[in-house]
Amino acid sequence: MEPTAHPTHLKIQDAYGKIASLGGGCCGPSGCCGGARAGEIAQGVGYSDAELATLPEGANLGLSCGNPTALAELKAGEVVLDLGSGAGLDVFLAAQRVGPEGHVHGVDMTREMLAKARHNAAEFRRRTGLDNVTFHQGQIEAIPLPDASVDVVLSNCVLNLSPDQGRVWREIARVLKPGGRVSISDMVLLRPLPEAVRESVEALVGCIAGAALLEDLHRMVSASGLVDQTFTPKGEAVEAMLPVEDPMTDHLLGLLPEGTRPSDYITSLIISARKP
Ligand SMILES: C[S@@+](CC[C@H](N)C(=O)[O-])C[C@H]1O[C@@H](n2cnc3c(N)ncnc32)[C@H](O)[C@@H]1O
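Notes on the structure follow. Because the structure is predicted, anything quoted here is derived from the model rather than measured. (Residues numbered from 1 in each chain as written. Predicted model: local features only at pLDDT ≥ 70, side-chain atom pairs only at ≥ 80, totals over all residues.)

Describing the overall build of the chain
When its secondary structure is counted, the chain shows 12 helices and eight strands. Here the C-alpha atoms of the chain give a radius of gyration of 17 Å, agreeing with the 19 Å that 2.2 N^0.38 yields for 276 residues. A principal-axis box enclosing the C-alpha atoms of the chain has dimensions of 55 × 40 × 35 Å. When burial is assessed residue by residue, the chain has 53% of its 276 residues classed as buried. Contacts in the chain between residues at least 24 apart in sequence constitute 77% of all its contacts with a sequence separation of at least 6. (Helix = DSSP H or I, 4+ residues; strand = E, 2+ residues; numbered from the N terminus. Rg over C-alpha atoms; globule rule 2.2 N^0.38 Å. Buried ≥ 20, exposed ≤ 12 C-beta atoms within 10 Å, placed from the backbone. Contact = placed C-beta atoms within 7 Å.)

Put into structure tokens, the structure is as follows:
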């Protein structure tokens, strides 16, 4: 049975459903800037041209804030899970690394995103001959996979969208096998946001308003039982995600105190951790 949707889930599903249908967006203060800049944003947050060239068209929607797959050191035969898999960007990259003996699961709660990812999976199978990806509809707060079934959990710019990030971390710890690891890219706050930004739906959808404070993130990861946490800031990604001359960027900049930039408050982080 589908878990009940939180009001935040409904806002996110509405916005990302539209982004999937339009074919592009930005996980930045713009909320949605169209697909034309998707390649530029992906390069700005750490994907190489060579990686992007292997993807089915439309798998990269310009919604990422880092490249967690590149840092995950994936090995042939591993089972990987991508939380909030969108149109499948990291799923398809990971699938090429784990090869035919491995498997990559994507989980996303937005129907239109899943439809797009499954359409892209058919193209991926045709192009690569690999039949090792599955996209599941579900919430990352209640991951639809068994306990201790996954070697590596990936996620790219998604945990900040959850209304209960502590629960997501407990779910990550539950599905990981002992010795399993995490490589997650997400937006994290360096200091509290002004109230007007916290209340903005655009800032929520744009991966800013829901970001956790760094110290709270540290506490949630520890409480989940995962160990060896490392947090690597990728501040340059925040600027790469800001479309210039974009009405939504201007709107959000207008909510910040004069003279400050989003990067004064928020950074992109690669989070790694391990299940003992
Ligand atoms: C910013 S996009 C990132 C997509 C993908 N990771 C990428 O980098 O292209 C966020 C995705 O997470 C999904 N999502 C957000 N909150 C979720 C939740 N609580 N449970 C499941 N999926 C969620 C959205 O539907 C959307 O597809």
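A closer look at the site of the ligand
Around the ligand, the structure places 24 residues, and the nearest of them are S64, G84, G86, M109 and T110. For the shell around the ligand, the element with the highest residue contribution is helix 1 (residues 7–22), accounting for three residues. Across the shell around the ligand, the residue classes tally to 13 nonpolar, nine polar and two charged. (Near = placed C-beta within 6 Å. Nonpolar A, V, L, I, M, F, W, Y, C, P; charged D, E, K, R; others polar.)

Let's talk about the nonpolar core
V80, A94 and V153 are the most contacted members of the largest nonpolar core, which has 83 residues in total. Once you skip the residues sitting within four places of it in the chain, A94 turns out to touch T69, L74, V80, D82, V104 and L154. (Core = buried A, V, L, I, M, F, W, Y, C linked by C-beta atoms within 7 Å.)

Side note on the pairing of strand 8 (residues 266–274)
Summarising burial for strand 8: seven of the nine residues are buried, a large majority. Sheet analysis places strand 5 (residues 176–189) next to strand 8, joined by nine bridges and oriented antiparallel. The partner of S183 across the bridge, within strand 8, is S272. Here five bridges tie strand 7 (residues 227–233) to strand 8, and the two strands are oriented antiparallel to one another. Bridging across to strand 8, F231 finds its partner in I271. (Pairing = 2+ DSSP bridges.)

Considering the environment of S222
Within the secondary structure, S222 sits in helix 9 (residues 214–223). We classify S222 as partly exposed; it has 13 C-beta atoms within 10 Å. Measuring from C-alpha to C-alpha, the distance between S222 and R170 comes to 9.9 Å, with 52 residues separating the pair along the chain.

With respect to the environment of H9
Relative to the helices and strands, H9 resides in helix 1. On the basis of neighbour count, H9 is assigned to the partly exposed category, with 18 C-beta atoms found within 10 Å. With 226 residues separating them along the chain, H9 and G235 place their C-alpha atoms 27 Å apart. Setting aside residues up to four positions removed in sequence, H9 forms contacts with M109 and Q139.

Details of the packing of helix 6 (residues 165–175) against helix 9
Their axes nearest at 8 Å, the elements helix 6 and helix 9 cross at an angle of 35 degrees. The handedness of the crossing between helix 6 and helix 9 comes out as right-handed. Residues Q165, G166 and W169 of helix 6 lie in contact with helix 9, whose contacting residues are M220, V221 and A223. (Axes fitted to C-alpha atoms, helices over the stretch in contact; angles between N-to-C directions. Left-handed = near helix turned anticlockwise from the far one by under 90°.)

Describing helix 5 (residues 111–128)
Between its first and last C-alpha atoms helix 5 spans 25 Å; for 18 residues at 1.5 Å apiece the expected length is 26 Å, and the two agree. If you check which residues of helix 5 are buried, you get M113, L114, K116, A117, N120, A121 and F124. Down the axis of helix 5, the sector holding all buried residues measures 155 degrees, keeping them to one side. Exposed residues pointing more than 90 degrees away from the buried face of helix 5 are listed as A122 and R126. The elements touched by buried residues of helix 5 are helix 1, helix 4 (89–98), strand 2 (103–108) and strand 3 (133–137). Note on helix 5: the residue one or two positions beyond its end, G129, has a positive phi of about 75 degrees. (Expected span 1.5 Å × (residues − 1). Arc of directions from axis to C-beta.)

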